[in-house]
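Listed below, chain by chain, are the residues.
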Amino acid sequence: MQMMRWKVRCSCLSLCSSCLNTGRHVGRKLMRIRVKLRNLVLMTFVCLSPLMWLSLFLKDDCEKYNEVLEKRFSDIRNRLRYAESLNRQRENDLFILRNQFFDLVSTMHSNGTVQPNRMLLDVMMSNTKQYMSSLVHFPSVLTHLPHLTGHPEHMKPAFNISKNRHGVSIVMGVPTIKREKISYLTETLRSLIDELSAEEKEDCLIVLFIAEPWDLHYVKDLGYKVHSLFRDHIQSGLLEVIAPPAGFYPDLEHLKESFGDPIVRVRWRTKQTLDYSFLMLHAQSRGLYYVQLEDDVMAKPGYLSVMKSFAYQQKTDDWMLLEFSSLGFIGKMFKSTDLSFVVEFFLMFHADKPIDWLLDHLLMVKVCNPDKDQKHCRHMTHAIRRRFKPSLFQHIGVTSSLKGKIQRLKDKDFGKMEPATLSTSLCECADD
């Protein structure tokens, strides 16, 4: 019996040992499988990681490439529209020249200056009169400023320092007039130029508009001082200086008072509208976009590229105004192809309301439904009047161009900036 128990115990121990060995063997196999799986995962990760990073880089490159393509397509579309606008202007110029040629030939013949073939002259004059009599005559600048009729010399600058730069992306207009106490013009021009990169300086034009048509001595003095201070930029074509002729302006002495403004203010705001209109007409054939500025502003670094980028980012082309400042008429961008329409609206009401009011009315007339409320009107105007923040320009002037007016306007969206150091060097010519 004891021997049997010993044999049973040995059998159990042998079985346990066998099981233990089997378990160890299975464990080693599981260990090897686990190691193989871990190595497989590591190899898979090592192999796929470059592909994952490559896919991420390709995705970023594709997004950047698409963004570049969108900007280029937008630029091409705008330049095509700009070229079409110039083509229409040239067609109109050719039509005017042809009519003037016929008038000249007729006048010379009637005065006996020349003796062209009589039959040819009769045919020319007959066809011209028949053609002109059948035309429907559309409104023009002469409709709103009839004193310019027959005086083409009153529609070109009386003073011009220019390299005649064309085809830029953005033209910036800076109107200025004689100020009694202090001038901000030097700082404004320096800021606009210094905050441009070398590449940006090749793709824009700054037009200084000296709006003193009845003081040509002041115009020339200021123009030559600007030339001496910014000689390199005038020589490169970045900056040009013009002044309007006195004949462009109608009689400003017999205007009607309106909105409670004294006649002095009515005369000032009317002339301002005419100043801006002449400047816009001068600039419309020089670049894709036009930005209206003032002579007492400071600009942020890189402002030109920001304006171009914001214009290109517009998903639709139905906008009329992009704003880069919340104040007055500072930093207002128009498409050059829209300037004729804008100027015509300004000229229609140049003696009735201030120009910033006229700009508001123009946008409301274009999109507001008279059957809807003011909230709907604001929503519609915001769709074509788009604002960029933060502002790119800050108003630094205190003394207004209107005599006796003080305006401490600051753009809260502009952010912090260093105080401007003002100079009166360009003002001294007023006392010469």
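Above this text you will find the structure in question.
Structural notes, computed from the coordinates. (Residues numbered from 1 in each chain as written. Predicted model: local features only at pLDDT ≥ 70, side-chain atom pairs only at ≥ 80, totals over all residues. Heavy atoms only, no water.)

Let us look at helix 4 (residues 185-194). Since the α-helix turns once every 3.6 residues, residues separated by three or four places project in the same direction. Counting buried residues along helix 4, eight of its ten residues qualify, which places the element largely inside the surrounding structure. Leu185, Thr186, Glu187, Thr188, Leu189, Ser191, Leu192 and Ile193 are the residues of helix 4 that are buried. (Buried < 20%, exposed > 50% of the residue type's maximum accessible area, 1.4 Å probe, protein only. Helix = DSSP H or I, 4+ residues; strand = E, 2+ residues; numbered from the N terminus.)

Reading across from one edge, 1-4-3-2-5-8-7-9 is the order of the eight strands in this open sheet, with mixed pairing throughout. Looking at the sheet topology across the chains shown, the edges are occupied by strand 1 (159-161) and strand 9 (385-387). Across the sheet, the mean angle separating the axes of adjacent strands is 20° when strand polarity is ignored. Judged from the four bridges that link them, strand 3 (residues 204-210) and strand 4 (residues 239-243) form a sheet pairing that is parallel. Within strand 4, the position partnered with Leu208 by the bridge is Val241. Those strands touched by helix 9 (residues 303-312) are strand 2 (168-176), strand 3, strand 5 (287-292), strand 7 (321-323), strand 8 (332-335) and strand 9, and its axis lies near 120° from that of strand 2. (Pairing = 2+ DSSP bridges. Axes fitted to C-alpha atoms, helices over the stretch in contact; angles between N-to-C directions. Contact = heavy atoms within 4.5 Å.)

Right, let's talk about the pattern of salt bridges for a bit. In this structure the tally under the stated criterion is 15 salt bridges. Residue Lys335 pairs with Asp317 through a salt bridge whose shortest N-O separation is 3.9 Å. On the criterion of sequence distance, the pair formed by Lys335 in strand 8 and Asp317 in the loop between helix 9 and strand 7 is long-range, its members being 18 residues apart. A relative accessible area of 26% means that Asp317 is categorised as partly exposed. Sharing partners across several salt bridges, the network here consists of Glu323, Lys332, Asp360 and Arg385. (Salt bridge = Lys/Arg side-chain N within 4 Å of Asp/Glu carboxyl O.)

Turning next to the packing of aromatic side chains. This structure, assessed with the given rule, holds 15 aromatic pairs. Centroid distance Tyr303 to Phe393: 5.5 Å. Interplanar angle 65°. Geometry classified as edge-to-face. Of this pair, Tyr303 sits in helix 9 while Phe393 is found in strand 10 (residues 393-395), placing the two residues 90 residues apart along the sequence. A residue is classified by how much of its surface remains accessible, and Tyr303, at 0% relative accessible area, is buried. (Phe/Tyr/Trp six-rings, centres within 6.5 Å; stacked < 30°, edge-to-face > 60°.)

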